[in-house]
Amino acid sequence: MEKIAIIMDSTAYLSDDLKKELDIRTVYLNLIIDNNSYKEVIDMPLDKYHEYLRNPNNSFPTTSQPAIGEVVSCLEKLKEEGYTDVIAIALSSGISGTYTSYSVAGLMVDGLNVHPFDSEVSCRPEGYYAIKAAKLIKEGKTSSEIISALNEMKKVSDAYFMADDLSHLQRSGRLSGAQAVVGSLLQVKPLLHFDDKVIVPFQKIRTYKKVVSRMYELFDEYYKQHEGEHITVCVLHVDALDKAEEIKKYVEENYSNVTVDVDGISPVISTHLGLGAVAIGWTIL
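Just so we're clear, the structure is a prediction, and the values are computed from it rather than from any experiment.

About the thresholds
Residues numbered from 1 in each chain as written. Predicted model: local features only at pLDDT ≥ 70, side-chain atom pairs only at ≥ 80, totals over all residues. Heavy atoms only, no water. Domains from an automatic or database assignment. Contact = heavy atoms within 4.5 Å. Buried area = accessible area lost by both parts, 1.4 Å probe. Salt bridge = Lys/Arg side-chain N within 4 Å of Asp/Glu carboxyl O. Polar contact = N/O pair within 3.5 Å; in protein donor to acceptor, adjacent residues only side chain to side chain. Helix = DSSP H or I, 4+ residues; strand = E, 2+ residues; numbered from the N terminus. Nonpolar A, V, L, I, M, F, W, Y, C, P; charged D, E, K, R; others polar. Buried < 20%, exposed > 50% of the residue type's maximum accessible area, 1.4 Å probe, protein only. Pairing = 2+ DSSP bridges.

Asker: Could you give an account of the domain arrangement of the protein, with specific residues and numbers?
Answerer: Buried accessible area, meaning the area lost when the parts come together, often serves as the stated size of an interface. As far as domains go, the protein holds domain 1 (4-29 + 65-155) and domain 2 (158-284). For domain 1 and domain 2, the distance between their C-alpha centroids amounts to 24 Å. Counting from both sides, the interface comprises 18 residues of domain 1 and, opposite them, 21 residues of domain 2. The junction of domain 1 with domain 2 conceals about 1700 Å² of combined surface from both sides, 68% of it contributed by carbon and sulfur atoms. When the buried area of domain 1 at its contact with domain 2 is split by residue, Tyr13, Ile95 and Tyr128 rank highest and sum to 36% of it. One can count 3 salt bridges joining domain 1 with domain 2. Seen at the junction of domain 1 and domain 2, the total is 6 residue pairs in polar contact (both at pLDDT 80 or more). Among the elements that line the side of domain 1 that touches domain 2, the one with the most residues is helix α5 (residues 123-138), at 4 residues. Here the side of domain 1 that touches domain 2 is built from residues that sort into 9 nonpolar, 6 polar and 3 charged.

Here you go:
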């Protein structure tokens, strides 16, 4: 009989209390600053990192996936605890090698079946897959049934975001230089999303206010299709809590029976989006 564990990466950014409650393990991505490596969240908490990003004289950080050794160590610990299978949930393979790290590390631990899952997103929308997997484990589902359910969940999940300054995405290589330059010159605030695992403009919009209005329109279309189901929404931000709370208030005042979470965006993803970024995602949990 299977005994199934869940691991996810730190960009999913679930609270410690929730991870403890659902028994979700975490492997950490890294920030590289002046040739020094820091585990996000642990060595570089979000508030400290926001302070770093606010100083224009600081060097631009780079990021890296979890070290293979760290993933192997996590898997070996799970094996020692008697687990036979691991659902390993990763941020989009189009912007990170974390999914590959899971795949490689899984081959290095004998007697443990590792099932890598590419969320094709990041941040809290990725974390929702871990929450769903934990619920399914409690229901007694098998690992193959869980992976199948997570793939079905992708069909009812989406996320959109806006970077206040496109230069971060350009410098980190997560958005093409041409797209970033055009956006900067025209003062465009493009609405971005994941398409085929990579970040691309969904629609080019001139102002923040119009971007948010478009987010509301997209959610309204989704709500009408799934009204009555357990719709869960996340509103995320990089040092822009006031903007996030405003979006949360709008959703709660205009739609019934919707759960809305507000949270920060992890340090690694904040590197790519920059200060002032906001995002909204939704799924059925």
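Asker: So what's going on with the pattern of salt bridges? Which residues, and what values?
Answerer: When the charged atoms of two side chains with opposite charge come close together, those side chains can pair. Under the defined criterion, the tally for this structure stands at 14 salt bridges. Note that Glu120 is salt-bridged to Lys154, the shortest N-O span being 2.9 Å. Residue Glu120 is located in the loop between β7 (113-118) and α5, and its partner Lys154 is located in helix α6 (residues 143-154); the two are separated by 34 residues in the primary sequence. Residue class for Lys154 comes out partly exposed when judged on its relative accessible area of 22%. Across the salt bridge formed by Asp263 and Arg124, the nearest N and O atoms sit 3.1 Å from each other. On the criterion of sequence distance, the pair formed by Asp263 in strand β12 (residues 258-264) and Arg124 in helix α5 is long-range, its members being 139 residues apart. For the pair Asp263 and Arg124, one class covers both residues: buried. A single network of salt bridges, built from pairs that share partners, joins Asp23, Arg25, Lys77 and Glu81.

Asker: Describe in detail the pairing of strand β13 (residues 278-284), supporting the description with residues and values.
Answerer: Across the 7 residues of β13, 7 count as buried, placing the element largely inside the fold. Covered by surrounding structure in β13 are Val278, Ile280, Trp282 and Ile284 together with Ala279, Gly281 and Thr283, the residues of both alternating faces. The sheet contact formed by strand β8 (residues 158-162) and β13 spans 5 bridges and is antiparallel. By the bridge assignment, Phe161 is partnered in β13 with Ala279. As judged from the 7 bridges shared by strand β11 (residues 231-237) and β13, these two strands associate in the antiparallel manner.

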